[in-house]
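# Descriptive analysis of the structure
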Amino acid sequence: MSAETADTAEPTGLTTNSADAASRRREQRGWYFYDFACSVYSTSVLTVFLGPYLTSVAKAAADADGFVHPLGIPVRAGSLFAYAVSVSVVVAVIVMPVVGAAADRTGRKKPLLAVAAYVGATATTGMFFLDGHRYLLGAFLLIVANASISVSMVLYNAYLPQIAGPDERDSVSSRGWAFGYASGAFVLILNLVLYTGHDSFGLSESDAVRICLASAGVWWGAFTVVPLRRLRDRRVTPGGEGAVGSGWRQLMATLRDMRRHPLTLSFLLAYLVYNDGVQTVISQASVYGSEELGLDQTTLITAVLLVQVLAVAGALGMGRLARVYGAKRTILGSLVVWTLILVAGYFLPADAPVFFYLLASAIGLVLGGSQALSRSLFSHLVPHGKEAEYFSAYEMSDRGLSWLGPLVFGIAYQLTGSYRDAIISLVIFFVVGSVLLARVPIRQAVAAAGNPVPERI
């Protein structure tokens, strides 16, 4: 394991020299901007446009029974998007531990962040060429972009313990999510104008969707420049092995090291379960709304826009609640709300946009906060000097191992032809995740990781 030099040797990654208030605030503001850059992909591409559009492209290419045949495998066209999401996170699982370990051993997070971000942004921009029957191209670009954003988030999240002290991480993490939701809302407004007025712009509906997809990639790449200019790499000294080494060796070393911190693993297991439900709801909501509820694209865009606006307030509001009640209790409360949302979603009537908007409002109020507080809570459980490596495991839970939900969702639809049967199955993720999280002694886990225990957690 590598050791930080003097400017990063403290457990929090902050010392008297490196923790100058103005310098730290400048770095934090740069850090917020990666959320600002990449969240547009999660919102416009993954949540709103790509699911319904890729499904329509696959249906256009399907046979008389409604199946496409990638690599000769019969796949119901309506399941293609969910399966592609599952494949993308399996790819991310393979890559993320290697990147995380390399970042910790070399201290060079920024170059790796730049590569991951611009590969993802390029793949997203390439979605402009997704038309006709090119469902394989769409699936491939989705896999590349989704895996890339997962890898980039490993590196981005690993900066949090280094740029924020223990008592400010909840608020810093929440501000990052708020920045992301603000950018997502702004770009969705532009998307809504373009999509609803495509005729007046001389565009077909398909052209408008492809421009919206590609613009997310351009936005992602353009605003990534800000964190790359403001974040700084911390120097490390050699730890006895090569900087990168074998991918499998890095993965096994990470897992062996994590076994020394069973309480951190217990939190990761809880997060793995409940976040699988969150990620599946996010990625499949538009498909559920369009295919099962019969809602048009304009309704879906405005509903997700509502989610983005309320998620800003939700992330900041839950950050304040965490200062009073602690992050763990606040997250547990949000999981109760998530469970109620899914039950309500199962009974949601078709062709009833008002009820869909109410459900979107509830999602917005808990989405940002539950994710932001989970990230900041985990940052307290990471042993010093292993930030990127451990956050690669966290990112597996956040995106990389969230393959089970989309896979179950896709299989349920393939077997039943009903998205309602698929959506109700996600309740189990929130119930089990809540039970597992409630059993984790957080204060003891922070101390066991060798970190100072905040007054309220």
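Calculation notes
Residues numbered from 1 in each chain as written. Predicted model: local features only at pLDDT ≥ 70, side-chain atom pairs only at ≥ 80, totals over all residues. Heavy atoms only, no water. Core = buried A, V, L, I, M, F, W, Y, C linked by side-chain atoms within 4.5 Å. Buried < 20%, exposed > 50% of the residue type's maximum accessible area, 1.4 Å probe, protein only. Helix = DSSP H or I, 4+ residues; strand = E, 2+ residues; numbered from the N terminus. Domains from an automatic or database assignment. Contact = heavy atoms within 4.5 Å. Patch = residues over 30% accessible without salt bridge, like charges linked within 9 Å, V, L, I, M, F, W, Y side chains within 5 Å. Areas by Shrake-Rupley, 256 points an atom, 1.4 Å probe, with all protein chains shown as cover. Salt bridge = Lys/Arg side-chain N within 4 Å of Asp/Glu carboxyl O. Lys, Arg positive; Asp, Glu negative; His and termini not counted. Charge placed at Lys NZ, Arg CZ, Asp CG, Glu CD. Expected span 1.5 Å × (residues − 1).

In this structure, Trp31, Leu50, Leu142, Trp220, Phe267 and Trp338 are the most contacted members of the largest nonpolar core, which totals 136 residues. By residue number, the principal contributor to this core is helix H1 (residues 21-61), which donates 17 residues. Two domains share this core, each providing at least three of its residues, namely domain 1 (29-233) and domain 2 (253-456). Ignoring anything within four residues of it in the chain, the contact list for Leu50 reads Ser44, Val45, Thr55, Phe81, Met127, Leu130, Leu142 and Leu213.

Moving on to the side chain of Ser374. Residue position: Ser374 is located in helix H13 (residues 353-379). Apart from residues lying up to four places away in sequence, Ser374 is in contact with Phe267, Tyr271, Tyr274, Ile331 and Tyr394.

The next thing to look at is a positive patch on the surface. Taken together, the side chains of Arg26, Arg29, Arg229 and Arg230 define a basic patch exposed on the protein surface. Those elements that place two or more of their residues in the positive patch are H1 and helix H8 (225-230). Along the chain, Arg26 falls in helix H1.

A few words now on the pattern of salt bridges. By the definition in use, this model includes 6 salt bridges. As a salt-bridge pair, Glu27 and Arg232 come within 3.8 Å of each other at their nearest N and O atoms. Residue Glu27 is located in helix H1, and its partner Arg232 is located in the loop between H8 and strand E4 (236-237); the two are separated by 205 residues in the primary sequence. When its relative accessible area of 26% is taken as the criterion, Arg232 is described as partly exposed. For Lys59, the salt bridge identified is with Glu291, shortest N-O distance 2.7 Å. Taken together, the residues Lys59 in helix H1 and Glu291 in helix H10 (residues 262-292) connect sequence positions 232 residues apart.

Now for H13. Because an α-helix completes one turn every 3.6 residues, residues spaced three or four positions apart along the sequence face the same direction. With 27 residues, H13 should cover 39 Å at 1.5 Å per step; its first-to-last C-alpha distance of 39 Å lies within 8% of that length. Of all 27 residues in H13, 20 are buried, a share of seventy percent or more.

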